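Overview (structure and organization)
Now for the letters of each chain:
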Amino acid sequence: MIRFDRVVKRFGDNVVLDELDFAVRPGERVTLIGPSGSGKTTILRLLMTLERVDGGTIHVGEDCLTHVRRGGRLVPADEKHLRKVRRRIGMVFQQFNLFPNMRVLRNITEAPVHVLGRSTEDAERRARELLDVVGLADKIDAYPTQLSGGQQQRVAIARALAMSPDVLLLDEITSALDPELAAEVLDVLRDLARTSDITMLCVTHAMKFARDVSHRVLMFDAGKIVEDKPPAELFENPEQERTRAFLRSVLDEA
Ligand SMILES: Nc1ncnc2c1ncn2[C@@H]1O[C@H](COP(=O)(O)OP(=O)(O)OP(=O)(O)O)[C@@H](O)[C@H]1O
């Protein structure tokens, strides 16, 4: 579903990803962990085409994010191609990024109607279903400022799912929330993981959540994967000293 082949990303002299290879299969849920600055968010931003690679290739399904085949030749991917790829990917950010001037319902239906061309009626029906899924059916007419952070984040999840993405990217989505509100959000995602086969790529410091929902956890350090294992193995029996040190630091924080 997702494939990074020898991906290089630099910011000036700072080589953030250094010939990175990894793949995520359809329906797989993968969590990225590692110290601050190790390149986790950059990976998600590259997938959303918010950043461009400096080397290597990225595929989402059959689509390449760097090149497109035109008349038998490979040419650099243009904005139209990238828009098409982006539609298959939903992303939820640490800051919820809801449209403040729109009610909850419209926050969720806006992109399906205007980007996918769905009828308002269909989009609203789906939005109601998704608000049920995230436990916010009664907030359909609220404005974002009338909701708690946890509720706003659940609306953001519903909004991402309304585009029927193949892949959901989650970037530290509970870091800005108090533990109680974070738990509400993570419970919604646990349910989603149980009931759907959506591919998920998740950056989080919530280790219990990572353990509950992930098929695999990738430990990053300085733009490289240092360990790639099912969560029970990685958390209980880390092989690398860098993983052990990172896990200790996260537990100290908690
Ligand atoms: N737009 C940018 N311009 C310059 N440097 C950047 C930019 N975005 C990221 N970086 C640098 O790239 C490196 C990796 O950043 P990234 O945000 O991917 O790390 P991370 O592992 O997600 O960290 P954190 O856990 O703190 O979010 C850092 O050194 C960061 O300073």
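Residues numbered from 1 in each chain as written. Predicted model: local features only at pLDDT ≥ 70, side-chain atom pairs only at ≥ 80, totals over all residues.

An unreviewed UniProt entry annotates the protein chain as Ectoine/hydroxyectoine ABC transporter ATP-binding protein EhuA originating from Saccharopolyspora elongata. Quoted verbatim from the Subcellular location (unreviewed entry) field of UniProt, the annotation for the protein chain is "Cell membrane". Recorded in UniProt under Sequence similarities (unreviewed entry), the annotation for the protein chain is "Belongs to the ABC transporter superfamily." (UniProt positions renumbered as here; feature names shortened; annotations may be inferred.)

Focus: the sheet that holds strand E10 (residues 199-203)
Pairing is mixed in the open sheet, where 6 strands are placed in the order E8-E9-E10-E3-E11-E12. One side of each edge strand has no neighbouring strand; the edge strands of this open sheet are strand E8 (89-92) and strand E12 (224-229). With strand direction ignored, the average angle separating the axes of adjacent strands in the sheet is 20°. Pairing of strand E11 (residues 216-221) with E12 involves 5 bridges; the strand directions are antiparallel. Residue pairing across strands places Leu218 opposite Asp228, the latter belonging to E12. (Pairing = 2+ DSSP bridges. Helix = DSSP H or I, 4+ residues; strand = E, 2+ residues; numbered from the N terminus. Axes fitted to C-alpha atoms, helices over the stretch in contact; angles between N-to-C directions.)

Thoughts on helix H4 (residues 120-133)
The terminal C-alpha atoms of H4 lie 20 Å apart, and with 14 residues this matches the ideal 20 Å at 1.5 Å per residue to within 8%. Along H4, the residues classified as buried are Ala123, Ala127, Leu130 and Leu131. Down the axis of H4, the buried side of the element spans an arc of 100°, and every buried residue falls inside it. Opposite its buried face, H4 presents the exposed residues Glu121 and Asp132, each directed more than 90 degrees away. One or two residues past the end of H4 sits Gly135, with phi positive at roughly 75°. (Expected span 1.5 Å × (residues − 1). Buried ≥ 20, exposed ≤ 12 C-beta atoms within 10 Å, placed from the backbone. Arc of directions from axis to C-beta.)

Considering the site of the ligand
With respect to spatial proximity, the complete set of residues near the ligand consists of Phe11, Asn14, Val16, Gly34, Ser36, Gly37, Ser38, Gly39, Lys40, Thr41 and Thr42. Where the shell around the ligand is concerned, the elements lending two or more residues are strand E2 (14-24) and helix H1 (40-47). Broken down by element, the residue count for the shell around the ligand peaks at 3 residues, all from H1. (Near = placed C-beta within 6 Å.)

Describing unusual backbone geometry
Non-glycine residue Ser164 carries a positive phi angle of around 50°. Inspection of the secondary structure puts Ser164 in the loop between helix H5 (149-161) and strand E9 (167-171). Looking at Ser164, the number of C-beta atoms within 10 Å reads 14, which means it is partly exposed. In this structure, Ala222 takes a positive phi of about 50° despite not being glycine. The topology assignment puts Ala222 in the loop between E11 and E12.

As for the confidence of the model for the protein chain
Averaged over every residue, the pLDDT of the protein chain is 92; the share at 70 or more is 99%. Two numbers describe this predicted complex: its pTM, 0.92, and its ipTM, 0.95. (pLDDT = per-residue confidence, 0-100.)

Considerations on the pairing of E10
Across the 5 residues that make up E10, a large majority, 5, are buried. Residue alternation in E10 divides its side chains into two sets, Thr199, Leu201 and Val203 and Met200 and Cys202, and both sets are buried. The pairing of strand E3 (residues 29-33) with E10 spans 4 bridges and is classified as parallel. Residue Val30 lies in a different strand from E10, and its bridge partner there is Leu201.

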